[in-house]
Amino acid sequence: MTKEKRSQQVYTLLVEVGRAPNDGLPKGASGAGLLCYASGVDEAEAVRETVAILKQAELAPLDVTGYGTIAEREKQGHEIDDEERALMARALEENSVIIAQMEPYFGDDKKPLQ
């Protein structure tokens, strides 16, 4: 019996990070939100890979929210512009994690990324 190879897909993830030494966040920031596009055979793999890469970059991931694949997002009514599609295509082509946006948090003010 041969195992069927599952194809890679790109998942949209919002990762919240806390502070860590050498994290490169601005002085006074309490953390940050990162909008990422990550490839994986499923969302769990995309999350694992993203967290591992962020830890290698000396960031401190605290929470990950998944928004699904491009098809799932379109089904939910999300508008996806050409720039976002290009970043997703790049993540798939390179089998990588792309950080599309990083928004530092200051104090208790957490604004959602847009």
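To keep things clear, this report deals only with the structure shown in the data block. Numbers given to residues run from 1 along each chain, matching the order in which its sequence is written. For a predicted model such as this one, the threshold for reporting local features is a pLDDT of at least 70, and the threshold for listing and counting side-chain atom pairs is 80 or more; totals across whole chains, interfaces and linings nevertheless cover every residue. Calculated side-chain values reflect all of the structure's heavy atoms, with hydrogen atoms and water omitted.

**Description of the pattern of salt bridges**
Working step 1: Take a side-chain nitrogen of Lys or Arg and a carboxyl oxygen of Asp or Glu: if they are within 4 Å of each other, that pair is a salt bridge. Taken as a whole and assessed by the stated rule, the structure comprises four salt bridges.
Working step 2: For Arg19, the salt bridge goes to Asp23, with nearest N and O atoms at 2.8 Å.
Working step 3: The rule is simple: take the accessible area with a 1.4 Å probe, protein chains only, and divide by the maximum for that residue type; under 20% is buried, over 50% is exposed, in between is partly exposed. Among the residues examined, Arg19 registers a relative accessible area of 37% and is labelled partly exposed.
Working step 4: Judged by relative accessible area, Asp23 falls into the buried class, the value being 9%.

**Some points on the nonpolar core**
Note on soluble globular proteins: their nonpolar side chains tend to be buried together.
Working step 1: The nonpolar core is taken to be a set of buried Ala, Val, Leu, Ile, Met, Phe, Trp, Tyr and Cys residues, with the residues joined through side-chain atoms within 4.5 Å. Leu13, Val15, Val17, Leu34 and Cys36 are the most contacted members of the largest nonpolar core, which totals 14 residues.
Working step 2: Under the DSSP-based scheme used, a helix requires at least four consecutive residues in state H or I and a strand at least two consecutive residues in state E, with every element numbered from the N terminus. Breaking this core down by element, the ones donating at least two residues are strand S1 (9-18), strand S2 (29-40) and helix H1 (43-56).
Working step 3: When residues in this core are grouped by element, the largest group, five residues, is from S2.
Working step 4: Filtering out sequence-adjacent residues up to four positions away, Leu13 remains in contact with Leu34, Leu35, Cys36, Ala38, Glu43, Ala46, Val47, Thr50, Val64, Thr65 and Gly66.
Working step 5: Of all hydrophobic cores here, the second largest spans six residues; its members include Leu35, Tyr37, Met88 and Ile98. Pairs of residues are marked as contacts when any of their non-hydrogen atoms sit within 4.5 Å.

**Concerning H1**
Working step 1: Relative to the 20 Å expected for 14 residues at 1.5 Å per residue, H1 spans 20 Å between its end C-alpha atoms, a close match to the ideal helical length.
Working step 2: Within H1, burial applies to Ala46, Thr50, Val51 and Leu54. Along the axis of H1, the buried positions cluster into a sector of 125°, meaning they face one direction only. Away from its buried face by more than 90 degrees, H1 exposes Arg48, Lys55 and Gln56.
Working step 3: The inward-facing, buried residues of H1 contact S1, S2, strand S3 (60-69) and strand S4 (97-106).
Working step 4: The first or second residue beyond H1 is Glu58, which carries a positive phi of 65°. Take the residue count of a helix, subtract one, and multiply by 1.5 Å to get its expected span. Note that the arc is defined by the directions from the helix axis to the C-beta atoms.

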